Amino acid sequence: MPTKTKERELTFSQAWQRYGTLGILVLLLVILAILRPSFFFKTSTITQILSQSSVNILIALGEFFAILIAGIDLSVGSVVALSGMFMAKLMVSGTSPIAAVLLGVLMGALLGFINGILVNSTGLHPFIITLGTQAIFRGVTLIISDSSAVFGFPASFSRFMAQRIFYVPVAAIIAIAVALILAFLTKQTKLGRNIYALGGNRESAWYSGINIKLHTLIVFVISGICAGIAGVVLLGRVGSAEPAAATGFETYAIAAAIIGGTSFFGGKGKIFGVVMGGLIIGVINFGMNLLSVSSTLQQVVMGALIIGSVTLDRFVAGRK
Amino acid sequence: MKTLVEMKNVVKKFPGVTALDGISFDIRSGEVHVLLGENGAGKSTLMKILSGVHKPTSGEIIIDGKAFDHLTPHDSYKNGISVIYQELSVINELSIGENLFIGRLPMKKLGFFETVDHSEINKRAREILETVGLNRDPKTAVEELSISEKQQVEIAKALAADSKVIIMDEPTASLTNSEVESLFKIIRRLKRDGKGIVFISHKLGEIMEIGDRVTVLKDGGYVGTKNISQITQDDLVTMMVGRQISKNYQHDTFDFENEPVIFEVANLSRKDNKVRDVSFKLHKGEILGFSGLVGSGRSEMMNAIFGAEPKSAGRIFIDGEEIKTSSPYSAIKKGLAMVTENRRETGFFHNFDIAENISVLPFVKTSGAGGISGLVSKKDEAQWADEQKEKLNIKCYSTKQLVSELSGGNQQKVILGKWLAADSKIIIFDEPTKGIDVGSKSEIYSLMRRLADEGKGVLVVSSELPELLSICDTIAVFREGKIVKFFNHREATEENIIHASTAQESEEI
């Protein structure tokens, strides 16, 4: 329970809410440093973790908003694949990389828009709608790609995406930039405030003049844009557009948001937490590879960690 | 007649409020015992003690000569007490027969296993359904039934459990006239079979028709028990009213009729017929109250005015200028405010602190593009919160405190604060003091009067008559979706308001 004292000292549970995810991240890094010091203290390690986590963090940033309004977006993996495939097709057919990237992100926005329109017009839970569009968007990806990978992008694109600025990969810079923009949106804009209100209490939001459908639509467009940007980053990293790309990525995105302290019941969560959640997952994955844990066992560990971290979070913070 | 259940000197205290103050009540075999009283009089609490939901603070319950200091739901069920709540508890997905025997379905052996014996269920169900006059196949899914048929299933369920006492909480609230007639037929049959019926209702005409005895409660206290054959409707009204009104908030010398009309509604109707051709005017400085039974259309009208629910016809004016309210957003932009009935569901945001709750409204009101454009100003937010904390005397250690930590009265002030921070002109209060302690109540009344004096329009929907009588300059009485009468506060009494709101359609008032 929150403290009733006059001066607000930081209680343990409040400290946990604010810095808990950061603490876990640091703890994981320390464990890794102790177990494999030779690998750990190399800049390439940090670079690798950052660039591996970027795609997941980008998707999770969009997913965060869907969860914030007590919804979910299961289609993000397919959106990454479809907008990535669309971009790839444009680039190999001679469109300039900049135009292709912009159109690809726009495609992500459009797919999110479709999700939002469907949720609003049917009144069904986003879980059902995005479960459906997950299959539809994936199917469209397979159709337009003829079920085969697309590669051979202009050298300028590949070069740009492989760059590092002060050891920081471009992918990570993109993710950080998007996170900063969205943090601004959640903290400083009325739109952001309204989304929290809608997630906290739909009915109260409606009676307070908040247009529920409009905000729901915007949330899914944001989720689509984030997935579209993740599509760009993935394309840059892999060097080709695979029709089966990003399959199952929604799971990691949801996990990152939840580990980062986003409430599944809506209305609570922070962008900073989502970034931490994404990094935690990235470090765990990297660490298990480093410790040569088999990929099958990695799945088990990941699942257990999701349940464990959220349980710990609820337990320590005493949240309902 | 044999006494089935007797409650003696039952006291129930909730934190800060005495819900029942030494009530005695008995139920005899073969009678309909009516329980009457205003909202909050203690009827439901008394019945919840009998059904084992609440544990009495003191008192005794005697069933068949056995004395209990409290009942568990299981005791209650085992001793033959069934309650039919207003919100029916049948399970829509199951068949009628399964509903009747749920929890103790007859089983049959099938090899090593036991399975549900559906033929036995249907056979026994058919007999019981006949008793309650429901001509339906027991295999029918309950979701296919009408409300009155579902109610018959509830009664059948009580019979299937071999209940001796059946408590019906406002059973006629959602029934048509002919459905009420068939319900009464069933009740008469149950009486002949020796059951004891507790009938909770507000409708005096019905009570006179079906009741044998009546017990009246008021503010948790016992008023009296009478034989219905020996009293009139007027006697019932007299027994129900007469609560002391501690203070009046009207200005006695003030004549608002000469003041300008600041708000007007003309010929408002809803497609669902819950509001039919309603018109009223509000003058500067006047507090207009809306009385009527629950479901008579008062809240429905307010929701339509505020744009939260659709209207089919009608015009709305603020200061003589017509406004369109197609959504709460458009209503808010024009200066309307609505303090809703359920704070928790439609009032505040549990995930926001006090300051954030208050600033939601001014932020939305000052934003463009349908409420999405613009930036949040922490400075404005803090200033609005401090202003309202000061003005409304919100008791908190900081405006950064979560609203869910506050008392009901202070939560209500926060909600009022968000509307005042948005500089609303016309404020609709729907049950403004529901679940609020006495001290905060009078504070809220004073606030409402102050707002009216400052030139804000104040409209109040309340089911508590003493509340309306002590704060309103004018009281409009709703019945079946229409305003049937306006009373000036000088002529308004509990008697004439209850008469106006409960009289049957054909009667003259």
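Residues numbered from 1 in each chain as written. Chains lettered and ligands numbered in written order. Predicted model: local features only at pLDDT ≥ 70, side-chain atom pairs only at ≥ 80, totals over all residues. Heavy atoms only, no water.

J.: Explanation requested: the nonpolar core in the structure shown.
T.: Generally speaking, soluble globular proteins have nonpolar side chains that are buried together. In this structure, L61 of chain A together with F263, F280, F290, M301, I305 and L459 of chain B are the most contacted members of the largest nonpolar core, which totals 212 residues. No other element matches the 13 residues that helix α11 (residues 212-238) of chain A contributes to this core. Apart from the residues within four sequence positions on either side, F280 of chain B is in contact with F263, E264, V265, L288, F290, M301, I305, L459, I483 and F486 of chain B. (Core = buried A, V, L, I, M, F, W, Y, C linked by side-chain atoms within 4.5 Å. Buried < 20%, exposed > 50% of the residue type's maximum accessible area, 1.4 Å probe, protein only. Helix = DSSP H or I, 4+ residues; strand = E, 2+ residues; numbered from the N terminus. Contact = heavy atoms within 4.5 Å.)

J.: What's the story with the sheet that holds strand β13 (residues 261-269) of chain B in this structure? I'm lost.
T.: Backbone-to-backbone hydrogen bonds join strands into a sheet, with any given pair of strands oriented parallel or antiparallel. Residue and element names in this part refer to chain B. Spatial ordering of the open sheet is given by β14-β13-β16-β17, a layout of 4 strands whose pairing is antiparallel. The outermost strands of the open sheet, each flanked by one partner alone, are β14 (278-283) and β17 (321-323). Averaged over all neighbouring strand pairs, the angle between strand axes comes to 20°, with direction disregarded. Alignment of strand β16 (residues 313-318) against β17, held across 3 bridges, turns out to be antiparallel. Each bridged residue has a counterpart across the sheet, and for I318 the counterpart in β17 is E321. (Pairing = 2+ DSSP bridges. Axes fitted to C-alpha atoms, helices over the stretch in contact; angles between N-to-C directions.)

J.: What is the right way to look at the sheet that holds strand β21 (residues 474-479) of chain B in this model?
T.: All names here are of chain B. Taking strand neighbours across the sheet as the criterion, the 6 strands line up as β18-β19-β20-β15-β21-β22 in an open arrangement whose pairing is mixed. Of all the strands in the sheet, the pair left with one neighbour each is β18 (336-339) and β22 (482-488). Adjacent strand axes in the sheet meet at a mean angle of 20°, parallel and antiparallel pairs treated alike. When strand β15 (residues 287-291) meets strand β20 (residues 457-461), the two strands line up parallel, connected through 4 bridges. Note that in β20 the partner of I287 across the bridge is V458. The sheet strands contacting helix α14 (residues 408-421) are β18 and β19 (426-430), and the helix crosses β18 at an angle near 175°.

J.: I would appreciate a short explanation of the interface of chain B and chain A in the present structure.
T.: Where the parts come together, the accessible area they lose is often given as the size of the interface. With 44 residues of chain B at the interface, the matching set in chain A holds 32 residues. Across the interface of chain B and chain A, roughly 2,900 Å² is buried in total on both sides, 57% from carbon and sulfur atoms. Along the contact surface separating chain B from chain A lie 18 residue pairs in polar contact (both at pLDDT 80 or more). Sorting the residues of the side of chain B that touches chain A by element identifies α10 (328-333), α11 (343-347), α12 (354-365), α13 (378-392) and α14 of chain B as the ones contributing at least two each. Considering every element that reaches the side of chain B that touches chain A, the biggest residue donor is α12 of chain B, with 6 residues. Its residues assigned to classes, the side of chain B that touches chain A comprises 19 nonpolar, 16 polar and 9 charged. (Buried area = accessible area lost by both parts, 1.4 Å probe. Polar contact = N/O pair within 3.5 Å; in protein donor to acceptor, adjacent residues only side chain to side chain. Nonpolar A, V, L, I, M, F, W, Y, C, P; charged D, E, K, R; others polar.)

J.: Help me understand the pattern of salt bridges in this model?
T.: Opposite charge on two side chains allows them to pair when their charged atoms are near. Counted under the stated rule, the structure contains 25 salt bridges over all chains. Here E114 of chain B makes a salt bridge to K109 of chain B, at a shortest N to O gap of 4.0 Å. The salt bridge involving E149 of chain B is made with R136 of chain B; its shortest N-O contact spans 3.1 Å. Of this pair, E149 of chain B sits in helix α5 (residues 147-160) while R136 of chain B is found in the loop between α4 (118-131) and α5, placing the two residues 13 residues apart along the sequence. For E149 of chain B, a relative accessible area of 17% corresponds to the buried category. When salt bridges that share partners are traced, they join R193 of chain A together with D353, E381 and K400 of chain B into one network. (Salt bridge = Lys/Arg side-chain N within 4 Å of Asp/Glu carboxyl O.)

J.: Is there a simple way to think about helix α8 (residues 233-240) of chain B in this case?
T.: Helical geometry note: an α-helix holds 3.6 residues per turn, so side chains three or four residues apart project in the same direction. Residue and element names in this part refer to chain B. Those residues of α8 not exposed but buried are L236, V237, M239 and M240. Projected down its long axis, α8 carries its buried residues within an arc of 160°, all on one side. Looking at the packing, one finds that the buried side of α8 touches β3 (32-36), α7 (204-210), β11 (213-218), β12 (221-227) and α17 (494-502). (Arc of directions from axis to C-beta.)

J.: Honestly, unusual backbone geometry in this entry has me stumped. Any pointers?
T.: Residues apart from glycine generally show negative phi values, whereas peptide bonds are mostly found in trans. Of note, the phi angle at A246 of chain A is positive, near 60°, even though the residue is not glycine. Its relative accessible area of 6% is what places A246 of chain A among the buried residues. For E170 of chain B, which is not glycine, the phi dihedral falls at a positive 45°. Along the chain, E170 of chain B falls in the loop between β9 (165-169) and α6 (177-192).

Any functional reading would require information beyond the geometric quantities listed.
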